[in-house]
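# A look at the structure
So you can see what is in the structure, the chains are spelled out below.
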Amino acid sequence: MVDEPDTPDRLEQAFREWGRRPPRVPARQAARQVVERLRPRRGAVATFRWALATAVATLTVLAVLVGPHAPEHAPSPRPPTRQAPMPLPENVVQWWLDADTPVYFILRPQGEPIGGAS
Amino acid sequence: MPGPLALVRQAQDGSPEAFGRLVEIHWDRLVRLARSVAGELEAEDVVQDALIAAWRSLPRLVQPESFGSWVTRIVFRRCLKKTRWRRLRLALEDALFPATRPDLDSELALQQLLARLPPRQRAVLHLTVVEELSDSEVGTALGIAPGSVRAHRLRARRTLARLVQGEA
């Protein structure tokens, strides 16, 4: 090319030889090292499910705390009409949004991955 | 043995083994590029970190057939980050110590000479001279237009010619 001055041939030759030396760590060993450092990816669907569950839980808590049925602002004038308490499994927590509306939280057993299988 | 495209798809689906095979395929050329841009000492660490980042972003790669240039861009951007402070140091050295005519038979002198080029120019020169890629391929690998590839190479060659003649 006319407008590209040639760097001295020796320089490009030296650069080519220097640049083509093999890496210190061979490819196979590097691949092993990289794979050991990989963490399983959470799938997009699982991520969405997890985000949705978190959002619902947050909104529920907010609704309880600052909503029209918040106990400090508007205590329910009528006596609670709760049904007789049902025996609940150990991993289930029951909340009452108001006197007639129970909310059940199912706790994840310890060790189970967050968001389920991807 | 699945081909490279099948390996990319398997890796996108979460197979670390397939990703390991891809690392094996691309490792040498990625390290060569990182060595030219980020320097000998940091090259292999930079490439490993870039590959971990690539694994995390892999599901978002829309064209699996462009895996090679995509991962090259990730490595190149990591190299740019690594060289940020070194460029400042070199600018200071340039101001404090006058350049002397380099000895091209010395590997160290060659590295010092290349280190005086901005990283983009080093990358363009590397992909052109060492890997012998076309301007279009270099542009795709670095995420720049072929016209910019030519401009970077022109400036790199001018600078090197000046440095080799000991005029800088």
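### Some words on the overall build of chain A
When helices and strands are counted, chain A shows 3 helices and 2 strands. If you list the helices and strands of chain A from N to C, you get α-α-α-β-β. Across the 118 residues in chain A, those meeting the buried criterion constitute 20%. Element-wise, carbon and sulfur atoms account for 62% of the exposed surface of chain A, whose accessible area totals about 9,200 Å².

### Digging into unusual backbone geometry
A positive phi angle is found at Glu132 of chain B, which is not glycine, with a value near 55°. Relative to the helices and strands, Glu132 of chain B resides in the loop between α6 (119–130) and α7 (135–142).

### Side note on the packing of α6 of chain B against α7 of chain B
Residue and element names in this part refer to chain B. Where α6 contacts α7, the two axes come as close as 10 Å, and the packing angle between them is 135°. The angle between the axes of α6 and α7 places the two elements in the oblique class. Handedness of the α6/α7 crossing: right-handed. From α6, Ala123, Val124, Leu127 and Thr128 reach across to α7, where they touch Val138, Ala141 and Leu142. Counted by class, the contact of α6 with α7 contains 6 nonpolar, 1 polar and no charged residues.

### As for helix α2 (residues 27–37) of chain A
Since the α-helix advances by 3.6 residues per turn, residues separated by three or four positions end up pointing in the same direction. Along α2 of chain A, the positions that sit buried rather than exposed are Ala27, Ala30, Ala31 and Val34 of chain A. Around the axis of α2 of chain A, the buried residues are gathered within 100° of arc, so they sit on the same side. α2 of chain A presents Arg28, Arg32 and Glu36 of chain A as exposed residues on the side facing more than 90 degrees away from its buried surface. Close packing links the buried residues of α2 of chain A with α2 (16–38) and α3 (43–57) of chain B.

### Observations concerning the packing of aromatic side chains
In total, this model carries 4 aromatic pairs over all chains according to the counting rule given. A ring pair is formed by Phe15 of chain A and Trp18 of chain A, whose centres lie 6.3 Å apart and whose planes are at 25°; its orientation type is stacked. Here Phe15 of chain A pairs with Trp18 of chain A, and both are found in helix α1 (residues 9–19), just 3 residues apart, close to one helical turn. Relative to Trp70 of chain B, the ring of Phe67 of chain B has its centre 5.8 Å away and its plane inclined at 45°; by these criteria the two rings are tilted. Taken together, the residues span about one helical turn, with Phe67 of chain B and Trp70 of chain B both in helix α4 (residues 67–96) at a distance of 3 residues. For Phe67 of chain B, a relative accessible area of 3% puts it in the buried group.

### Regarding the interface of chain A and chain B
Taken together, the contact pairs 32 residues of chain A with 46 residues of chain B. Across the chain A/chain B interface, buried area totals approximately 3,700 Å², and carbon plus sulfur atoms make up 60% of it. For the pair chain A and chain B, the interface holds 5 salt bridges. Of the charged contacts in the structure, one is a salt bridge between Glu24 of chain B and Arg28 of chain A, with a shortest N-O distance of 3.4 Å. The tally of links from chain A across to chain B stands at 16 residue pairs in polar contact (both at pLDDT 80 or more). Broken down by secondary-structure element, the contributors of at least two residues to the side of chain A that touches chain B are α1 and α2 of chain A. Looking at the side of chain A that touches chain B residue by residue, the classes come out as 17 nonpolar, 3 polar and 12 charged.

### Observations concerning the pattern of salt bridges
Taken as a whole and assessed by the stated rule, the structure comprises 10 salt bridges over all chains. Ionic pairing is found between Arg20 of chain A and Glu132 of chain B, a salt bridge with its closest N-O pair at 3.3 Å. Of this pair, Arg20 of chain A sits in the loop between α1 and α2 while Glu132 of chain B sits in the loop between α6 and α7, placing the two residues on different chains. On the basis of relative accessibility, which here comes to 39%, the residue Arg20 of chain A falls in the partly exposed class. A relative accessible area of 54% places Glu132 of chain B in the exposed class.

Procedures and definitions
Residues numbered from 1 in each chain as written. Chains lettered and ligands numbered in written order. Predicted model: local features only at pLDDT ≥ 70, side-chain atom pairs only at ≥ 80, totals over all residues. Heavy atoms only, no water. Helix = DSSP H or I, 4+ residues; strand = E, 2+ residues; numbered from the N terminus. Buried < 20%, exposed > 50% of the residue type's maximum accessible area, 1.4 Å probe, protein only. Areas by Shrake-Rupley, 256 points an atom, 1.4 Å probe, with all protein chains shown as cover. Axes fitted to C-alpha atoms, helices over the stretch in contact; angles between N-to-C directions. Parallel < 35°, antiparallel > 145°, perpendicular 65-115°, else oblique. Left-handed = near helix turned anticlockwise from the far one by under 90°. Contact = heavy atoms within 4.5 Å. Nonpolar A, V, L, I, M, F, W, Y, C, P; charged D, E, K, R; others polar. Arc of directions from axis to C-beta. Phe/Tyr/Trp six-rings, centres within 6.5 Å; stacked < 30°, edge-to-face > 60°. Buried area = accessible area lost by both parts, 1.4 Å probe. Salt bridge = Lys/Arg side-chain N within 4 Å of Asp/Glu carboxyl O. Polar contact = N/O pair within 3.5 Å; in protein donor to acceptor, adjacent residues only side chain to side chain.

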